[in-house]
Structures are given as structure tokens and as C-alpha cells.
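Analysis of the macromolecular model
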Amino acid sequence: MCTELVFISQPARQLRAVRDIKIASNMDPRQWQRLRALVVDAAAKFLNTQDRYEHQDPEMVRLFYQTVHATWPEVAEKYPNSWVLVWYLKIYLLKRVYRKAWYDRKVARERASSQARQQPRRLCTKNTNRLLSVRQLGASASQACACVTTRTRRRATACDRPTSTSGPEITASPTMHCSPVIASQHSGNSSSLASTHSYNVIPVQNSPAVFQFLDSMTPSLVKLVPDFISAGIYDQNRLEDFFTWPEKAQRNFLLKTFIGRMNALELGTILVALNSTRCG
């Protein structure tokens, strides 16, 4: 018994979807699934499934058709020029291209969104680090100020302590109230003054005017004799020149020269003595 082969020609209209190809081919579901499986397997083996049909290598396309026709020859016999196979392959590759482009755009959007979410965190982290650095600098500055204040108070307390219980007498030997350098010179040490004292202090016995001026105050401030000498007031002429200064200049000189070495009471005592000398 001979069976006649029915040819199904390609429709005149353009096929734009898989559903259009399925309807035009008049295939039953089993044949349609077989066609799809053949196209997918052969395309993965011979073609670049990430590119369009028009951009494929012609030699690879020829091998594709040869493999499908060898597996299912009825396709070429029933459909002239294997149009059902050609159109399904074109739409299959086009869908693959569109799907890849959509996936790439999705990945790019997700990456941009992730970077946008991380950007405020980075800014917040930078601001937090800056705030912590500022706080640490503030704490360090506070500690430094506290240390300076403590040292100043200690110096002021040390200056407030009297040098002796009864206080030095005017007729006392100047060497009793001089620095260790001066005492070593008075005892007969032959070493030079510049090598033993970094401030080049002149002995008290060479500046009796400064000694008498400071000892005449109440309380006595003979402990400041080395400081006056270091500041350049070491004889009668320099002391008398200092007496002629204006009151404001004298006060600024004392504040800058003897900062941390005398308390407020001692400063007031010197200012009163200078005022008395100026008025006298």
C-alpha cells in the first residue's frame, strides 16, 4: 500500500512567533516536540546560540541542516526547503539573543543598585571616622591642657613655699640665697660660669642692688635674684633703668619673664615696690 506524501508549502505571510510556525506546519504535539528537541540539540552543537541566524557561520549552518535531515528526513521531504526548520531556528536564536540582552541589563541594574546602596554606607563610614578623629583630637587636647594646668599649679605651689621659717635677713650673706652655680663659685670653684650654667647667671655678690631690692619686700623675694639676673637686671644701673619704665611695661615684663615662677601675691608685692620707687 503506497501512501502519498503531502507537501506543506511555506505561508505567504511572515512568521513572527513559534505559535505561527506550529499552526502553519500542521504538526501534532509529538512531532512538534521532536522538532524542537532536534533544533535545540543541533544548534548547541554547531551554532553560536548567543548570536542571530544571519550572523552564523555558513559552514556551521550547513552542518546543522545536514544533521537534522539525517536524523529526521521527513522534514525535508514534507516541507519544501525545510522552511519549518529554518523559521523555527531563526526565532529560537533571536529569542536567545533577546534573553541574553535582557539578562545583561538586569545584571547591570542590580550592580548599579548595589553600588548606590553601598555608597551612603561608605560616606557614613568616612563621616564616622572623621568624627572619631575629631573627638580623639579633642580628648588629647583636653589631656594636654590638664597636664599644663597641673604643672602650672605645682610650680605656683612650689613658689608659694617659703625658703626658710624666719626669712632671710638683710645682712645675711648673699651666698645663702644664690643658686648652686653661684654657691660653687663662692666656694672657690675655678670652672667658668658659662660651662656650669646654661643661662650665664652672674653671681649675687656682683648684684647687691638687685638682692637688696628683692629682700626689702614683704614677703622677701630673694629667691628671684637668679631670675632677675638671667633677665638682664644684674646691677644698679640696670635696676634703675627698670624703675623708669612705665607701669604697664613693668607689669608685662614681669608676667612674661616670671610666668610660672611667682604667684599673684608675689607679683603684687613687686608691683607695689616698683610703684613706691617710682613715686619716691
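Residues numbered from 1 in each chain as written. Predicted model: local features only at pLDDT ≥ 70, side-chain atom pairs only at ≥ 80, totals over all residues. Heavy atoms only, no water.

What to know about the overall build of the protein
Heads up, the condition is: Counting from the N terminus, the helices are DSSP H or I runs at least four residues long and the strands are E runs at least two residues long. For every residue, the accessible area obtained with a 1.4 Å probe (protein chains only) is divided by the maximum for its type, and the residue is called buried under 20%, exposed over 50%, and partly exposed between those limits. Note on areas: these come from Shrake-Rupley sampling with a 1.4 Å probe, and a residue is covered only by the protein chains present in the view.
Helices and strands together make up the secondary structure of the protein, namely twelve helices and zero strands. Looking at the protein as a whole, 30% of its 280 residues are labelled buried. Approximately 18,800 Å² of the protein is accessible, and the part contributed by carbon and sulfur atoms is 54%.

Here we look at the packing of helix H11 (residues 247–257) against helix H12 (residues 264–279)
When two helices pack together, their arrangement is given by the angle between their axes and by how far apart the axes lie. Rules: Axis lines are fitted to C-alpha atoms, over the contacting stretch for helices. Their N-to-C directions set the angle, which ranges from 0 to 180 degrees. Orientation is classified from the angle alone, with under 35 degrees giving roughly parallel, over 145 giving roughly antiparallel, 65 to 115 giving roughly perpendicular, and any other angle giving oblique. Crossing handedness is read from the near helix: turned anticlockwise from the far helix by less than a right angle, it gives a left-handed crossing, and turned clockwise, a right-handed one. The contact criterion used is simple: two residues touch if any of their non-hydrogen atoms lie within 4.5 Å. As a working rule, the residues Ala, Val, Leu, Ile, Met, Phe, Trp, Tyr, Cys and Pro are called nonpolar, Asp, Glu, Lys and Arg charged, and the rest polar, with Gly in that last group.
Their axes nearest at 11 Å, the elements H11 and H12 cross at an angle of 150 degrees. Accordingly, the angle class assigned to the pair H11 and H12 is roughly antiparallel. As for the relative orientation of H11 and H12, their crossing is right-handed in sense. Touching Glu247, Gln250, Arg251, Leu254 and Leu255 of H11 are Leu267, Ile270, Leu271, Leu274 and Arg278, all from H12. When its residues are assigned to classes, the contact of H11 with H12 shows six nonpolar, one polar and three charged.

A word on the environment of Tyr65
By the element assignment, Tyr65 lies in helix H3 (residues 58–71). What makes Tyr65 buried here is its relative accessible area of 15%. Taking the C-alpha atoms as reference points, Tyr65 and Val86, 21 residues apart in sequence, are found 8.9 Å from one another. Leave out the neighbours within four places in its chain, and Tyr65 touches Tyr53, Leu85, Val86 and Leu89.

Remarks on the side chain of Asn263
Tracing the sequence through the fold places Asn263 in the loop between H11 and H12. Note on Asn263: relative accessible area 16%, which makes it buried.

Quick notes on the confidence of the model for the protein
Close inspection of predicted coordinates is inappropriate in any region flagged by low pLDDT. Worth spelling out the cut-off: The predictor's confidence in any single residue is recorded as pLDDT, a number from 0 to 100.
In this model, the protein carries a mean pLDDT of 76, and residues with pLDDT of at least 70 account for 68%. pLDDT under 50 marks residues 163–202. Its contacts with residues more than four places away, or in other chains, come to 40 contacts.

Thoughts on the side chain of Asp227
With respect to the helices and strands, the residue Asp227 is situated in helix H9 (residues 225–230). When sequence neighbours within four positions are dropped, the list of residues in contact with Asp227 reads Phe258 and Arg261.

So, the pattern of salt bridges
Rules: The working definition used for a salt bridge is a side-chain nitrogen of Lys or Arg within 4 Å of a carboxyl oxygen of Asp or Glu.
Applying the stated rule across the entire model yields four salt bridges. We note a salt bridge from Asp104 to Lys100, for which the minimum N-O separation is 3.1 Å. Pair noted here: Asp104 and Lys100 are both in helix H5 (residues 83–160), with a separation of four residues, about one helical turn. Here Arg261 makes a salt bridge to Asp227, at a shortest N to O gap of 3.1 Å. Here the residue Arg261 occupies a position in the loop between H11 and H12, and Asp227 occupies one in helix H9, the gap between them amounting to 34 residues.

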